[in-house]
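# Coordinate inspection notes
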2 protein chains.
Amino acid sequence: MTRQIRLALRAYGVGGPGQHSLWKDPRVPKNASIDIDWYIAQAQAAEHAKFDALFIVDSQFIDATYPPHYLNRLEPLTLLSAVATHTRHIGLVGTLSSTYNSPFNVARRFASLDHISHGRAGWNVVTSLDSGTSRNYGLDEHLDYTTRYGRALEHVQVVRGLWDSYEDDAFPADVDRDVFVEPSKLHALNHEGSYFKVAGPLNLSRSPQGQPVIFQAGVSEEGRNLAAHVAEGIYAPGGTLESVRAYYADIKRRALSLGRDPNHVVIFLGAQPVVAATDEEAHRLSRDIYEADNDFTRKLAQFGRSFGAHDFSRYDLDAPFPDVAHLAEKSGRTRGTAIIERAKSENLSLRETVLAFSQYQPSPFTGAPETVAQAIADWFEAEAFDGLNVGFRTNEDLSRFVADVVPLLQKQGLFRTEYEHDTLRGHLGLPIPANRWAAS
Amino acid sequence: MTRQIRLALRAYGVGGPGQHSLWKDPRVPKNASIDIDWYIAQAQAAEHAKFDALFIVDSQFIDATYPPHYLNRLEPLTLLSAVATHTRHIGLVGTLSSTYNSPFNVARRFASLDHISHGRAGWNVVTSLDSGTSRNYGLDEHLDYTTRYGRALEHVQVVRGLWDSYEDDAFPADVDRDVFVEPSKLHALNHEGSYFKVAGPLNLSRSPQGQPVIFQAGVSEEGRNLAAHVAEGIYAPGGTLESVRAYYADIKRRALSLGRDPNHVVIFLGAQPVVAATDEEAHRLSRDIYEADNDFTRKLAQFGRSFGAHDFSRYDLDAPFPDVAHLAEKSGRTRGTAIIERAKSENLSLRETVLAFSQYQPSPFTGAPETVAQAIADWFEAEAFDGLNVGFRTNEDLSRFVADVVPLLQKQGLFRTEYEHDTLRGHLGLPIPANRWAAS
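Computed from a prediction, not measured in an experiment: that's the story for all the values here. (Residues numbered from 1 in each chain as written. Chains lettered and ligands numbered in written order. Predicted model: local features only at pLDDT ≥ 70, side-chain atom pairs only at ≥ 80, totals over all residues. Heavy atoms only, no water.)

### Some words on the overall build of chain A
Short version of the rule: Elements are defined by DSSP. Helices are runs of H or I of four residues or more, strands are runs of E of two residues or more, and each kind is numbered from the N terminus. Just to be clear, the radius of gyration here is over C-alpha atoms, and the globule rule we use is 2.2 Å times residues to the power 0.38. Think of it in three bands: residues with accessible area under 20% of the maximum for their type are buried, residues over 50% are exposed, and the middle band is partly exposed, with areas taken using a 1.4 Å probe on protein chains only. Computed with the Shrake-Rupley method and a 1.4 Å probe, the accessible areas treat only the protein chains shown as cover for residues.
Of the regular secondary structure elements, chain A holds 16 helices and 12 strands. Relative to a compact globule of 440 residues, whose C-alpha radius of gyration would be 22 Å, chain A shows 22 Å and is just as compact. With the C-alpha coordinates of chain A rotated into their principal frame, the extents come out at 80 × 50 × 45 Å. Expressed as a percentage of the 440 residues in chain A, the buried residues total 59%. When the accessible area of chain A is evaluated, it comes to approximately 17000 Å², of which 49% is carbon and sulfur surface.

### Structural notes on the environment of Pro364(A)
Checked against the element boundaries, Pro364(A) lands in the loop between helix H13 (350-356) and strand E11 (366-367). Pro364(A) sits 11 residues away from Ala375(A) along the chain, and the two C-alpha atoms are 7.2 Å apart.

### Observations regarding helix H8 (residues 241-257) of chain A
Residues and elements named next belong to chain A. Definition in use: What a helix should span is 1.5 Å times the count of its residues minus one. In what follows, a contact means two residues having at least one pair of non-hydrogen atoms within 4.5 Å.
In this model, H8 (17 residues) spans 24 Å end to end at C-alpha, consistent with the 24 Å of a helix rising 1.5 Å per residue. What H8 keeps buried is the set Val-244, Tyr-247, Tyr-248, Asp-250, Ile-251, Lys-252, Arg-254 and Ala-255. Those residues of H8 that are buried lie in contact with helix H7 (221-230), strand E8 (233-236), strand E9 (266-271) and helix H14 (369-381).

### Notes on the environment of Leu54(B)
Residues and elements named next belong to chain B. Here Leu-54 is to be found in strand E2 (residues 53-56). Of the residues examined, Leu-54 reaches a relative accessible area of 0% and is grouped as buried. It is 16 Å that separates the C-alpha atoms of Leu-54 and Asp-397, two residues lying 343 residues apart in sequence. In this structure Leu-54 touches Leu-9, Ala-11, Ala-43, Leu-80, Val-83, Ile-90, Gly-91, Leu-92 and Val-93, once residues within four positions along its chain are discounted.

### Description of unusual backbone geometry
Between Gly200(A) and the following residue, Pro201(A), the backbone shows a cis peptide bond with an omega angle of 0°. Assignment of secondary structure puts Pro201(A) in the loop between strand E6 (197-198) and strand E7 (213-216). If you check the backbone angles, Ala173(A) has positive phi at about 45° while not being a glycine. Tracing the sequence through the fold places Ala173(A) in the loop between helix H6 (145-163) and strand E5 (191-192). A positive phi angle is found at Lys50(B), which is not glycine, with a value near 70°. By the secondary structure assignment, Lys50(B) is in the loop between helix H1 (36-48) and E2. Using a relative accessible area of 17% as the deciding quantity, one classes Lys50(B) as buried.

### Concerning the UniProt feature "binding site: FMN" (unreviewed entry) in chain A
Residues and elements named next belong to chain A. Cut-off, in case you're wondering: UniProt positions are given in the numbering used here, feature names are shortened, and annotations may be inferred rather than shown by experiment.
As recorded in UniProt, the sites labelled "binding site: FMN" (unreviewed entry) are Asp-58, Thr-95, Tyr-149 and Ser-220. Position of Thr-95 among the secondary structure elements: in strand E3 (residues 91-97). Since its relative accessible area comes to 4%, Thr-95 is described here as buried. Ignoring any residue separated from it by four or fewer positions in sequence, one finds Thr-95 in contact with Phe-55, Ile-56, Val-57, Asp-58, Pro-76, Asn-124 and Val-126.

Laid out in structure tokens, this is it:
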């Protein structure tokens, strides 16, 4: 079969990161980020268009300067569980921090979602970058970067172990033999590692996918390493065609070197397509979107989020870029390190640095429907991604993408016209993991 | 208005505690405890009958000897969120352990459920009794009893503080004034107590009920004290009319002495009504239910759960009752202490003790519909409860109770015939708590 594009819908509620002003658009419902009916409608629209998954991002620290979609948001699993019973095919991927949730709770909640959705749950594992979040969980200092990733790897391994507590056929419920559960098919994990000690077993039968799908968004060295070890889906940040291809090749190579099938690591590129009647109109629209939030104070606050929500307003804007290497290192963000390197090498002030990193950069998927479809096809053929994780400003933009761009991809045989599976693993071509206890 | 009875439905999935054999009943779906459609149908049936709430119990440790409904169960919040969008009036009360969930996560999840259900969420606060559960969360020893309750009280206080992060009118979303959020109406909690240090704010607007309703099931001295401090709904264990009235009076008195309105602590008595065409038939049925699980090995395992899931099979059954005072004390269960006292004073062996505490005790609500309705009315008038938290073995039993008993209560004016409110607080006559930050 030809390699086909996967599509996930990133549903934010009110606008996306940096979109402070979008709520003023009369087409945007002010309450969308806490309106379950809005999310259900988004999921149904994406399912109608045969998307692979609905993707729910998360964050856990705010102050009043944050963009609207951060300020007021439903907890991802609670949200997805409600969406599950109003959809039948689309995958449901939720973000949950491995740093602030016990493996036992994570295992239960995602296995429950997998049962409720009949095999459509995915866990986007994040380690929660900012010190603001750590203070919401009783820690003054955030866990350091290496600890956080080592812990994340072990966390995922424990969760997967708990998901295997029951073998697939552990519940014969055989009245004649008087056997509800087969005791030999229930297994305690008895994990004792560097970070976790978890006995188990999980009090939930093996879920329809065997195990929910693991997503990750590794960018730094340790993040990529974690992704190559455990991720089955990856949420990759955007960039130039060159940088994105390099990332793609790197992740696939790492997975291969760990003995994994690179096709079982499905890379979704984050994208915000801007589609209009003509290329010109789309680029004008794209520029308007940028200008609507072209406010330096907000940019400065947004900029600080690459350094663990650091407050940069305390520095002289026109003095040389401040020494924040420890913040970049602690939060482990490649972006922070890249910023510091460029500021140093080009001798930039704080103001110049912020401006340099918040310049207008249109999405590569901006233009008339044909242009966007062709760019998507080209990037896909160039192995920049296996799928796109698309976000839109308004429902109208989503509808336009679905009505005008998706059919062009379908015409080229690059996107499904019907679902062939009922599970997220099915859509993504991922195998059901064998239970570790099952006799082979 | 006349004082009216509240009704909650305890939905277990496959059978209740001690009901090992119920799964063999052809009327019981073997998969009910993980079948979201089964729960949705139960909730809709209860809503059709104008019940106040659906009540989801929980536990987090199993071995293969546990009764079916423990072995395989959905996580309560994931479950209730799915039920929320298929119901419109009924309250949704979920059990979550304050010992093994961070206040920030608990606050987010219940506030999310309150938004999703438009004001119907309730949190049943439990402290998780058994050492088995503690080993699922990396602890060898369970927190001692006093610590667990002190910690629970502070936990609830922190959660409530987080629920007040935003004032009710924090999001004007006023396009003309260009104000999405009113920064002065977002408040960090900055809690630093004996057990928790939580900065906040919560990233979720104040929910429809102001705060979800707090339920608790305090039996021991510390448990009653916690309940009197923070509970708005109480799940009380069954007993004789005398013991139940004493419990009721004690809780109301404690609440009053703490300056609370006793009407704002709504006491639900756990009950498993057995209804049949005649009193005689109902009692025969009740006896049959008991006999179906009258198995000493199972009784011994069940017995151990009053002592933190202690394994009593290691003792000589016919020797004097073993010294397990430390277990009763650690788990803080009044039942454990009561068992030890009786075993000592009557000089019972282990076998005799187990038998003494697992004797046949029919529900006081056993009989023909008229008999059951009258018993409920009598106990209610005698101030044994404000409401019943009823559980049934089969859907048929629930239907019979709804069709034959509820109308008799309605005829006496003791139960609503229509919903007068859309929120759980509304049903229970509980006020919406004022936000602590709001100018008075």
